[in-house]
Amino acid sequence: MRAKKNYVAYFEPEPQKPGQLGRPRIYGDKLKLMECFDYAHLFSTVSCRVYGHIEQVSMLTLNLVWKPTGGLILFVFAVTRRGPIVIMCSDVNQDPVRALELYCVRTWIEVMFSQLKHLIGAFQFRFWSKKMPRHSRTPKTNRALKAPATDELGKVEQCWQAYERFAMLGAIALGLLQLMALKFSSSIWQQHRGFLRTRSRCLPSERTVKQVIMPLVVRDFLNPACGGIIREIRTHYVIWKVVMVLDTTTRYGILYIMRARQLYRYKVR
């Protein structure tokens, strides 16, 4: 994480001398982090990738005690073309150059999660089971968490697998949009019918690709001579919509016929 400008840290305390009275010190001398940039002779120059650009960065690393954690934290002091920056890392053995590069990649990760949430809807799943114990979102009522019963662990595991698969499929869909933007950028701009005041770049965004693909998918979904994948999706989608409206007896009859057809196809193959 990035340290704020008003953060302070402490050096490790000196060991207590033999026979010295009193409790051993927990913290050493106090240090204001931003004052470290006044000692430019202590910095070394390294090559580092900062926000996608390789540049020469002046860097200094110190292992200091931070009060909120009560332990040693790796502080990376760096001077980039954007200005001074202080990175905090809980792993004191972490490579400082790698720590700075990982921090600079955080913007790409945040944008990816934003696209998954708002564009794809990868976290809008509604898979729930009565076998899973209900917990409050407030931390006060979660002091005594209840584990599911032993005979219900299978259902709970299936529910968690549904969460992960739904999010993974959303990530795959986002990757496909990015791949189409890279491979077919000119075709996407030709098919785009939305209003854009100015184009920020020649490469279309994931949202632009989605706006172009959505009507094509709907048209293919309604087309009688559609492809094999769309035909399978349409068949299962329509059948399940019809089955949920029918009564119990008719519903189980249709499901039995569908299962028999699947078994017959498997045996034939």
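Our structure is the block above this text.
Since the structure is predicted, the reported quantities are computational estimates derived from the model, not experimental observations. (Residues numbered from 1 in each chain as written. Predicted model: local features only at pLDDT ≥ 70, side-chain atom pairs only at ≥ 80, totals over all residues. Heavy atoms only, no water.)

(A) Focus on the environment of C36. Looking at where C36 falls in the secondary structure, it is placed in the loop between β2 (30-32) and β3 (44-50). For C36, a relative accessible area of 5% translates into the label buried. When the C-alpha positions of C36 and L60 are compared, they lie 8.7 Å apart, and in sequence the two are 24 residues distant. Leave out the neighbours within four places in its chain, and C36 touches L31, F43, L62 and F77. (Helix = DSSP H or I, 4+ residues; strand = E, 2+ residues; numbered from the N terminus. Buried < 20%, exposed > 50% of the residue type's maximum accessible area, 1.4 Å probe, protein only. Contact = heavy atoms within 4.5 Å.)

(B) Looking closely at the nonpolar core. Within the largest apolar cluster, 16 residues are counted, with the highest numbers of intra-cluster contacts made by L33, F75, F77, V86 and M88. When residues of this core are traced back to their parent elements, those giving at least two are β4 (53-66), β5 (71-80) and β6 (83-89). Excluding residues that lie within four positions of it along the chain, M88 makes contacts with M1, A3, Y7, W66, I73, L74 and F75. Judged by nonpolar contacts, the second largest core, of 14 residues, contains V50, I85, V97 and L100. (Core = buried A, V, L, I, M, F, W, Y, C linked by side-chain atoms within 4.5 Å.)

(C) How the structure looks around the side chain of E206. Mapping E206 onto the fold places it in helix α5 (residues 206-222). There is no salt bridge for the buried E206, and the closest opposite charge comes from R201, which lies 5.3 Å off by N-O distance. Those residues in contact with E206 that lie beyond four places of it in its chain are Q115, L119, L174, L177 and Q178. (Lys, Arg positive; Asp, Glu negative; His and termini not counted. Salt bridge = Lys/Arg side-chain N within 4 Å of Asp/Glu carboxyl O.)

(D) Just a nonpolar patch on the surface, in detail. A cluster of nonpolar residues, M168, L169, I172, L176 and L179, forms a patch on the protein surface that exposes about 500 Å² of accessible area. Relative to the helices and strands, M168 is located in helix α3 (residues 153-183). Accessibility expressed as a relative area gives 51% for M168, which makes it exposed. (Patch = residues over 30% accessible without salt bridge, like charges linked within 9 Å, V, L, I, M, F, W, Y side chains within 5 Å. Areas by Shrake-Rupley, 256 points an atom, 1.4 Å probe, with all protein chains shown as cover.)

(E) Region of the structure containing the environment of R25. Tracing the sequence through the fold places R25 in the loop between β1 (8-10) and β2. Of the polar contacts made by the side chain of R25, one reaches the backbone oxygen of Y27; its length is 3.1 Å. (Polar contact = N/O pair within 3.5 Å; in protein donor to acceptor, adjacent residues only side chain to side chain.)

(F) Summary view of α5. Here α5 spans 24 Å end to end across 17 residues, near enough to the 24 Å set by a 1.5 Å rise per residue. At I213, α5 shows its maximal kink, close to 25°; a proline, P215, follows between one and four residues later. Buried within α5 are the following residues: E206, T208, V209 and V212. Here the buried face of α5 lies against α2 (106-120), α3 and α4 (185-191). (Expected span 1.5 Å × (residues − 1). Bend = angle between axes of the 7 residues up to and from the residue.)

(G) Layout of the pattern of salt bridges. Within the structure shown, the criterion is met by two salt bridges. Where E55 meets R81, a salt bridge forms, and the shortest distance between an N and an O atom there is 3.0 Å. Of this pair, E55 sits in strand β4 while R81 sits in the loop between β5 and β6, and the two are 26 residues apart along the sequence. Between R98 and E101 there is a salt bridge, with its nearest N and O atoms 4.0 Å apart. Within this pair, R98 and its partner E101 are both found in helix α1 (residues 96-104), separated by three residues, close to a single helical turn. With relative accessibility at 22%, the residue E101 sits in the partly exposed group.

In short, geometric facts, not functional conclusions.
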